[in-house]
Amino acid sequence: MGSVETECFLKLQVRSHLRTLSCSQERMELLHALRSLAGLLEDAEFTRTYYARALQVLVAKDWSKRLLHDHDKELERLWREMFLRGPAEPVLMTLLDAISSARCEVDRSSADSAQYREALIGQISALPSITSNQLRANTPEDLLPHRFYTLLAESILETLERTCQALRAGHDCSLSFISQLLGKVCIQGNGGIFGTMAPRLSSLTRVDPLMQRVTQNLLEKVPERCMESVITGLVLSLKGPTAVSRLMGDLVLNNKKAQFVLTHKMLLQQYQHPSLLLKSVLGYLSLDSERRVLLKQVLRSVCQVWCNSSAVKHTCVEQQLYVTRALLLTVALLQNSEVQELRQELVQCMLGGVQCRLDSNIERIRRMGMVVGECLSQKLDTPGSQLQFQYESNEEIQELRSLMEYQAVEGEEPESDASNNLQPIVEASEVCAVPSQSITSLPVNDSDSELDSDDDLTPFDMSADQEKRISAPPRYVRDCLEGLMSEDAERFELSLQVAASLLRKNVTTTQEVSVQFCRVLLHLEDRYNTTLFLSLRQNAMVALTVTHVKPVVDYWTTEFFSLNYSLRQRLDILEVLALSAQELSEPIRSKQAAAQPIPEVVPPEQFDDITHWRHIVEKRIQSKTRRIGKGVTQPVKAAPNRFAPVAGCFFFPLLKNYDRPQTTFDLLGSDHLVLGRLLHTLGLLMHLAVNAPVASQMGRALLDFIWAVRFHTDQMVRRGVLFAVCSVFLGMHSENLLTDLGEDLMEARAWLADVAESDCDSDCRSLAMQSLVLLDRTLKAQLKIPEMKT
Amino acid sequence: MSRPPPDPLYILRGSGAPVNTLHFYCGGDGPPLLYSGSGKGAVHVWNLNTRRAEQVLESHNSNSVIWLDTFDGSRSSLISQGRDMRLCLWDLSEGRSAVTDSLLTGAVGFCQCSLLESQPGSSLLAHPTQDMEEVSVVEMKSWTQVCSLRPDTKLGMLMSMKMWQADSGPVLCAGYEDGSIVLWDVSQRHPLSFLKPLPEPVMCLDVHVCSQKGISGSSEKILQSWTVDGQRTLQMHHSVQMTNPGVSQMRIRADGKILATAGWDNNIRVFGWKKLKPLAVLQHHTDAVNSVAFSDHQDPTQRLLAAGSKDQRISVWSIYNVVHRTNIDTREPLAVVEDLLSSSQPEGMGRAAVKGSLAMGI
């Protein structure tokens, strides 16, 4: 029972001292109380039960005043001693409580309780925030987040190393506190802590198997809710799958949460990570035979996502790219036997996924599909049936292709040793220096050419020396038309080349045969692989449209909706209409500005190796003469807009038949490519008809038309719709906009806001924003809403 | 920027048929002459001062004239070769136009003869014969055959040839149908060397004796030059690529500076002879050019280039015929011209010509 007695005695003693400390003003009394309390610091019972209480008394307000004003050396020394010699945890807690002055209601008596730990971890991890809340601009550098977390990382590393030593010495250690702390720090968004820890851990685990076990244990103990942020931070900071494997061990097998994060969340739900992370994660899965089971499982789920056609339609391109990367990497990491095992899944994924990607209107997605198709069929190694596509390679394609060559083992990071890094650089610079010397020292061995050259004879201009053609280009419009229909390749080519200029030059003849010419051009095929065939044909078509506007435009607009045309031909019609409208809406340029000055004809005998003397003299005179009457520029003359009177002919027929599906052409169904282009063209026409009297009718009709297709599943169509909306808002006068559209505008506004917020395509979102801004500006101007003063 | 190509000096019209062959004669007294043979058997003698045809000789029974040359160093002794398998010798002195002699060669091909005046008064003539592969060399005065040259291997039809006097005696270079070129020693009657620069028939060849170099062209785009070295063997030399294929004739100017080719693409091309550097493309004709010739005028500045074409015209050009002065006048160009214009002018040269030649030299 002695212990109870001593406890009671201690209790009484401490109480009286504390009372003195909180109430007394006498210096001697205070000193005495402090001294005796400091003496008790060795007592375990005191530190466990009363220390925190004592500290709280010591950080109270009147103490700080006392210490600041009295400058009592002895008192200050004892006060410090109380804090520095005691156990760290209660000191930290008390001090932080005092700083934040928001006391946690924690049972101080049981320092080992989970709640207390939780609070402690919370305080440690939030230290920079707590201090800077109080100190604001005066926060010391060590307590700024970046510096603080670096220091924290260093301490954790030190702890881990000590743990290793302790384990070697045969002591038992628990890492759960560190794990929880790490978890807390990471979940608070400070995953950057691994920037300091990961490289060091990676190199430590390389040499020390015990350290591997320690880190694996550390990660296993991380609380479940923090697991994701810890793993993400760790994998992002590690270079290469072998390092990940050393640090994580079989975590992915033992921990459900880790498994979910690594095999599902990071691969299929997130898409912001660099492909290095994908390489690390997938490489990590591939490095162990037990984990390879998971790799196969990953492949199955990735395949499922990749070949899902609704995912292709409704997820953004970036995410699709990310999933594609994951798929290619997984496939690259599979061994041949596993490929055979998963053959069925792969084939299905390839066929389904490639098909729905090729259907897409967005080139990037189509390319992705083609690359994956090629890579997968290569990997499946079906003899004779490997896919091959024609596309232009770009950086993205190269990158995707390079993923197929990825091997998990090669991802070994080099030691981050400064001297190692320096070595090759020096060598490289030496290598560079060598060839430059050899170049300069090359002997000039051209003496032979001096004697035996034709240099004394200056060549004449030989640019006129061209491949000879057998037939001459046609000189009349009708000849040209016949040439285009002829079987003679050369005649065809020549006719096509001169068609546009002939049509523009001979207006009357063109008008006689315009529609016939249109028909021929529309059905023209590139039979002879003519260079620039498409642009030549298009130029001719535009020339026709511009010279004989009404009948030709009528022809184009009726043919657009008629039977038996290919998509290409319909798209051509749209392009030609847009280009012609543009040309018509531009003012005619004055001939003089366009014409090149004809070079002066010089008698032949005046030519020789150097410029004739007269030229030299004239140049001298020119350079020394100042001309006064030269500087007047011609004022810009107003010219009528040729497009305004015919805008309706271009525009309204295109809106007429869109909802009548033909057997070969279903605008609202499978031919969404044409629909997208049509909307775009209509938008362009609307834009070009700005200020025309017919513009407001066009705008109204266009908005009506758009209404039917605004929720189209295809991104291209939605982009077209939004473009058209923009052009309506730009092209219509603001008063017309309000009076004519009134009700519709509000609905359109709500719809646009919705698109701007939730569309999966970034272009659509930005276009919707654009049109919202335009609309708001017009409305503001029109309704005379006074500007908010800022 | 390089200069635009020159225009022709003048055009000779009125031959009434495609012009097949051209020959200049500028020696002796009297105006420089240009002989032209047409596709209808007419031989025109053009006076280059008046630029008019002085004489028109009807010959060869209206068969095409494929080759013309003067002999005995006289402007009135002319030899012509026609597609009627005959060679005719003409006496044109004192306004006459009489055939003094003729030889039936029996050759039906297009190969042109080659004339070599070894010493005054005696000339050797190489002509194709009835046998397509054979070259017969005859003595001009008596038509006595000196030798008959026939390759041992089968090279195909004889296409073109050129005979010249080497140190050791007359030498003949002949091009054949399979593209090979054979160098014959005429006096020894055996082949000296053999070369096959191109796979296509040798349409034309020319040899510049001073530089020991020759060139051959075919129906292809490429021109291949070759050298004749000390052991009298043929060696490949430079080659040059043209824009359009086909050459019907080519000539190296006597001074060995330039080479002109008559192209099937209506163009005359001029190359530097040393390196075959392309120098000019002369465009005037509207049909294939059949023949080119350089004049042999004593004054180098008067050496003209003539081209006869299927479009019945003969174009005459003055190109690269200015002697570059070695000492360059450093004064202002204007001053030099003024000086020269005020000083006495050489006979026959106009002010413009003086100006032009000066400007070139400066």
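None of these values were measured; they are calculated from a predicted model. (Residues numbered from 1 in each chain as written. Chains lettered and ligands numbered in written order. Predicted model: local features only at pLDDT ≥ 70, side-chain atom pairs only at ≥ 80, totals over all residues. Heavy atoms only, no water.)

Asker: Teacher, can you tell me more about the pairing of strand β26 (residues 289-294) of chain B here?
Answerer: Residue and element names in this part refer to chain B. The element β26 is largely enclosed, with a buried count of six among its six residues. Bridging between β26 and strand β27 (residues 305-309) involves five bridges; their strand directions are antiparallel. From the neighbouring strand, V292 faces β27, where its bridge partner is A307. (Buried < 20%, exposed > 50% of the residue type's maximum accessible area, 1.4 Å probe, protein only. Helix = DSSP H or I, 4+ residues; strand = E, 2+ residues; numbered from the N terminus. Pairing = 2+ DSSP bridges.)

Asker: Could you clarify how one ought to interpret the confidence of the model for chain B in this entry?
Answerer: In low-pLDDT regions, the fine details of the predicted coordinates are not to be read closely. Residues and elements named next belong to chain B. Across chain B, pLDDT averages 86, with 89% of residues at or above 70. The lowest-confidence element of chain B is helix α2 (residues 351-361), averaging 44 in pLDDT; the highest-confidence one is β27, averaging 95. Taken as a whole, residues 325-337 scores under 50 in pLDDT and shows 13 contacts with residues more than four places along the chain or in a different chain. Here residues 343-362 is modelled with pLDDT under 50, and outside its nearest four sequence neighbours on either side it reaches 23 contacts, counting other chains as well. Taken over the whole predicted complex, pTM reads 0.55, whereas the ipTM for its chain interfaces reads 0.75. (pLDDT = per-residue confidence, 0-100. Contact = heavy atoms within 4.5 Å.)

Asker: I'm lost on the packing of helix α8 (residues 114-125) of chain A against helix α11 (residues 176-187) of chain A in this one. Help?
Answerer: Residues and elements named next belong to chain A. The geometry of α8 relative to α11 is characterised by a closest axis approach of 9 Å and an angle of 50° between their N-to-C directions. Classified by the angle between their axes, α8 and α11 sit oblique to one another. Between α8 and α11 the crossing geometry is right-handed. Residues R117, L120, I121, G122, I124 and S125 of α8 form the contact with α11, whose own contacting residues are S176, F177, Q180, L181, K184 and V185. Residue classes in the contact of α8 with α11 are distributed as six nonpolar, four polar and two charged. (Axes fitted to C-alpha atoms, helices over the stretch in contact; angles between N-to-C directions. Parallel < 35°, antiparallel > 145°, perpendicular 65-115°, else oblique. Left-handed = near helix turned anticlockwise from the far one by under 90°. Nonpolar A, V, L, I, M, F, W, Y, C, P; charged D, E, K, R; others polar.)

Asker: Mind showing me how you'd approach the nonpolar core here?
Answerer: All names here are of chain A. Counting 103 residues, the largest nonpolar core has I193, I231, M248 and L327 as the members making the most contacts within it. It is helix α21 (residues 317-333) that contributes the most residues to this core, 11 residues altogether. Setting aside chain neighbours within four positions, we find I193 in contact with Y149, L152, A153, I156, L182, V185 and C186. In this structure, L536, F705, F729 and L779 belong to the second largest nonpolar core, which totals 92 residues. (Core = buried A, V, L, I, M, F, W, Y, C linked by side-chain atoms within 4.5 Å.)

Asker: I'm lost on the confidence of the model for chain A in this one. Help?
Answerer: All names here are of chain A. With 85% of its residues at a pLDDT of at least 70, chain A reaches an overall mean of 80. Here helix α26 (residues 418-440) is the element of chain A with the lowest mean pLDDT, 37, and helix α31 (residues 533-547) is the one with the highest, 93. Ignoring residues within four places in sequence, the model shows residues 102-109, a span with pLDDT below 50, making 12 contacts including any to other chains.

Asker: I keep staring at the pattern of salt bridges and nothing clicks. Help me out?
Answerer: Once the charged atoms of two side chains with opposite charge are near each other, the side chains can pair. All names here are of chain A. Counted according to the given criterion, the structure contains 36 salt bridges over all chains. With its nearest N and O atoms 3.0 Å apart, the salt bridge here joins R168 to D208. Of this pair, R168 sits in helix α10 (residues 145-168) while D208 sits in the loop between α12 (193-207) and α13 (209-220), placing them 40 residues apart in sequence. Judged by its relative accessible area of 54%, R168 falls in the exposed class. On the accessibility criterion, D208 (16% relative accessible area) is buried. Taking the shortest distance from any N to any O, the salt bridge between D761 and R719 comes out at 3.0 Å. Here the residue D761 occupies a position in the loop between α40 (734-758) and α41 (762-783), and R719 occupies one in helix α39 (residues 715-731), the gap between them amounting to 42 residues. Connected through shared salt-bridge partners, R537, R568, D572 and E575 make up one network. (Salt bridge = Lys/Arg side-chain N within 4 Å of Asp/Glu carboxyl O.)

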